[in-house]
Amino acid sequence: MMKYISTRGNAPELSFEEVLLTGLAEDGGLYVPKEVPHYSLEEIASWRDLPYTELAHKVIYPFVEGCVESADLKKILDEVYSGFGHKAVAPLQQIDHNEYVLELFHGPTLAFKDFALQTLGRLLDYVLERRHEKVVIMGATSGDTGSAAIEGTKACRNVDIFILHPHEKVSEVQRRQMTTVKGDNIYNIAIKGNFDDAQDMVKKSFGDQSFLRGERKLVAVNSINWARIMSQIVYYFYSALNLGGPLRPMAYSVPTGNFGDIFAGYMAKKMGLPIEQLVIATNSNDVLHRLMSKNQYEVRPLLHTITPSMDIAVSSNFERLLFDLYDRDGKALADLMARMNAKQDIVSLDEEKLGKARQLFDSYACDEASTVETMKAVYEETGYLLDPHTAIGVKAARETRRNTSIPMITLGTAHPVKFEDAVKQAGFDMPELPHHLTDLMEREERLHVLPADLDVVHEFIAENTFK
Ligand SMILES: *Cc1c(COP(=O)(O)O)cnc(C)c1O
């Protein structure tokens, strides 16, 4: 059975099931697999003809073994991917010679977060059913994560979900993707405040859960949850196998916020997939690019950009990479993280550790003007409209590419229809909503507008989970 350990070395080892329900480790660290399965090139090559769902089973099963039966995992994955709007699940779109976009936006909410959250919701319900437990999911969103979490848990019998978003500060498409989902266990709370107020309330609620009634516990589905990363490893294998891997290496450019998606690529490499280059593509919230290029880690105030899903001040999952760079020394990492989180100083990594990171990762920060320029350029070159997050990935890929004979794959993290501001700035008409969402604007919405007052929110949650 796979065991999971904390990056800070001072928390109990857990099983997959416990990790799924836990979120942050007791010592403040993140859980990672104690041992990562490794496959030979021959083994990986033998997966070449597998459809997406079967490949997902191959990749995911070792991480959940002992907690989820093989046949049950198969059933869960079949259900998840049959809900995607494209038969290939993660199709490749060619945009230039040896250059591709991996379309990860064919899930129910049109962004790659569906890959993780569709699976996470079902796995959660599966283990809760067996444990005869019920939980409450609480999260704050400025858009994408909320709708993906709601879609992923709408069919769960043992989960009530409360998603807070800032009232009137989320685009209409994104709001409707949350508020029109039907389910008795779904609560959309529009907070009269900004995103930080909402996020602050969620953090405080995790700190003191006494407001919950009965035996209920809070579960986090934010991007530090290991189960999310696990599901994202699959599409690296899938895309590589479709382009002649593993017999030739691939390069990936990943629009990055919390470092979850690109960390999954790093995992794929550790598992044996030949990956030559991983590009960390950021917007002007470029804390990782500054670290990679100047060896200066400095947290700066958050900037609001036309790529809101990458607007972060701190990339939480980067700690998982640091753990490996520091040879899995929990004590060293706990010290380093204490310095990095202190926020007063500029922190530098050991040159040798940073050198290791630079062998594999390149980085590039793209401002709004270049984002829009790239959307225009790719449209002129190919007739293909990128969403702005993906455009940042493409720009970074083109700026940092090491070897043009290696296929460069940018992860297409969202459908452009979700980001009206950027599409309009680039001078395009809004694309049509995909088939399963054509009536989105007419569907009935359900949401509760509440003041930015923690007691009021707690009362609302307690009342509605105890029915
Ligand atoms: C969440 C998100 C990202 C960033 O992914 P991370 O795993 O946080 O690095 C990029 N693009 C879109 C569209 C997203 O929703």
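Residues numbered from 1 in each chain as written. Predicted model: local features only at pLDDT ≥ 70, side-chain atom pairs only at ≥ 80, totals over all residues. Heavy atoms only, no water.

Let us now look at the overall build of the chain. A count of helices and strands for the chain gives 18 helices and 13 strands. Taken over the C-alpha trace, the chain has a radius of gyration of 21 Å; the compact-globule value for 467 residues is 23 Å, and the two agree within 12%. Viewed in the frame of its principal axes, the chain has a C-alpha envelope of about 60 × 50 × 50 Å. For the chain, buried positions account for 59% of its 467 residues. Taking as baseline every contact in the chain between residues at least 6 positions apart, the subset at least 24 positions apart corresponds to 75%. In the structure as shown, the chain presents an accessible area of about 18900 Å², 46% of it carried by carbon and sulfur atoms. Mean positive and mean negative side-chain charge positions of the chain (50 and 67 charges, respectively) differ by 2 Å. (Helix = DSSP H or I, 4+ residues; strand = E, 2+ residues; numbered from the N terminus. Rg over C-alpha atoms; globule rule 2.2 N^0.38 Å. Buried < 20%, exposed > 50% of the residue type's maximum accessible area, 1.4 Å probe, protein only. Contact = heavy atoms within 4.5 Å. Areas by Shrake-Rupley, 256 points an atom, 1.4 Å probe, with all protein chains shown as cover. Lys, Arg positive; Asp, Glu negative; His and termini not counted. Charge placed at Lys NZ, Arg CZ, Asp CG, Glu CD.)

This part covers the sheet that holds strand E4 (residues 99-103). Ordered by their spatial adjacency, six strands build an open sheet running E3-E4-E12-E9-E10-E11, and the pairing between neighbours is mixed. Taken across any chain shown, the strands that pair with only one partner, and hence form the sheet edges, are strand E3 (92-96) and strand E11 (361-365). Recorded for the sheet is a direction-independent mean angle of 25° between the axes of neighbouring strands. Examined bridge by bridge, strand E10 (residues 275-282) and E11 share five bridges and lie parallel to one another. Within E11, the position partnered with Leu 278 by the bridge is Phe 361. Here helix H10 (residues 260-270) sits on the sheet and contacts strand E9 (250-255), E10, E11 and strand E12 (408-412); the angle it forms with E10, its principal contact strand, is near 170°. (Pairing = 2+ DSSP bridges. Axes fitted to C-alpha atoms, helices over the stretch in contact; angles between N-to-C directions.)

Okay, helix H6 (residues 144-153) next. With nine of 10 residues buried, H6 is to be regarded as a mostly interior element. When H6 is considered as a whole, its buried residues turn out to be Asp 144, Gly 146, Ser 147, Ala 148, Ala 149, Ile 150, Glu 151, Gly 152 and Thr 153. The inward-facing, buried residues of H6 contact helix H5 (113-131), strand E5 (135-140), strand E6 (159-166), helix H7 (172-179) and strand E7 (186-192).

Cis peptide bonds are those with omega within 30 degrees of zero, and the linkage from Gly 245 to Pro 246 qualifies with 5°. Summarising the element assignment, Pro 246 is placed in the loop between helix H9 (226-242) and E9. A positive phi angle, near 60°, is found at Asn 98, a position not held by glycine. Counting through the fold element by element, Asn 98 comes out in the loop between E3 and E4. Judged by its relative accessible area of 9%, Asn 98 falls in the buried class. A positive phi angle, near 55°, is found at Asn 295, a position not held by glycine. With respect to the helices, strands and loops of the structure, Asn 295 is situated in the loop between helix H11 (287-294) and helix H12 (318-325).

On to the pattern of salt bridges, then. Pairing between side chains becomes possible if they bear opposite charge and their charged atoms approach one another. With the rule as written, the count across this model stands at 30 salt bridges. For the salt bridge of Glu 17 with Arg 130, the shortest nitrogen-to-oxygen distance reads 2.6 Å. Here the residue Glu 17 occupies a position in helix H1 (residues 16-22), and Arg 130 occupies one in helix H5, the gap between them amounting to 113 residues. Across the pair Asp 160 and Arg 216 runs a salt bridge, and its minimum N-O distance is 2.9 Å. Here the residue Asp 160 occupies a position in strand E6, and Arg 216 occupies one in the loop between helix H8 (195-207) and strand E8 (217-219), the gap between them amounting to 56 residues. As far as the burial class goes, Asp 160 and Arg 216 line up, both buried. (Salt bridge = Lys/Arg side-chain N within 4 Å of Asp/Glu carboxyl O.)

The next thing to look at is the packing of H11 against helix H14 (residues 351-360). Direction vectors running N to C along H11 and H14 enclose 110°, while the axes themselves pass 9 Å from each other. Classified by the interaxial angle, the pair formed by H11 and H14 is roughly perpendicular. Seen along the crossing, H11 lies across H14 with a hand that is left-handed. Across the interface between the two elements, Leu 291, Met 292, Ser 293 and Lys 294 of H11 pack against Leu 354, Ala 357 and Arg 358 of H14. Looking at side-chain class alone, the contact of H11 with H14 contains four nonpolar, one polar and two charged residues. (Parallel < 35°, antiparallel > 145°, perpendicular 65-115°, else oblique. Left-handed = near helix turned anticlockwise from the far one by under 90°. Nonpolar A, V, L, I, M, F, W, Y, C, P; charged D, E, K, R; others polar.)

Attention now goes to the site of the ligand. In the neighbourhood of the ligand, 15 residues make up the surrounding shell, with Lys 113, Asp 144, Gly 257, Asn 258 and Asp 261 lying closest. Taking Lys 113, its side chain carries an N or O atom lying 2.5 Å from an oxygen atom of the ligand. Gly 257 is positioned such that a nitrogen or oxygen atom in its backbone is 2.8 Å from an oxygen atom of the ligand. Considering the ligand on its own, with 390 Å² of exposed area, one finds that the protein chains cover 96% of that surface. (Near = heavy atom within 4 Å. Polar contact = N/O pair within 3.5 Å; in protein donor to acceptor, adjacent residues only side chain to side chain.)

Moving on to the UniProt feature "domain: Tryptophan synthase beta chain-like PALP" (unreviewed entry) in the chain. Per the UniProt record, the feature "domain: Tryptophan synthase beta chain-like PALP" (unreviewed entry) sits at residues 98-331. The span residues 98-331 shows a helical share of 41% and a strand share of 18%, and its end C-alpha atoms are spaced 43 Å apart. (UniProt positions renumbered as here; feature names shortened; annotations may be inferred.)

This next bit is on the side chain of Lys 353. You can see Lys 353 is positioned in helix H14. When its relative accessible area of 9% is taken as the criterion, Lys 353 is described as buried. Here the side chain of Lys 353 touches Glu 352 through a polar contact of 3.3 Å, side chain to side chain. Once you skip the residues sitting within four places of it in the chain, Lys 353 turns out to touch Leu 325, Tyr 326 and Asp 327.

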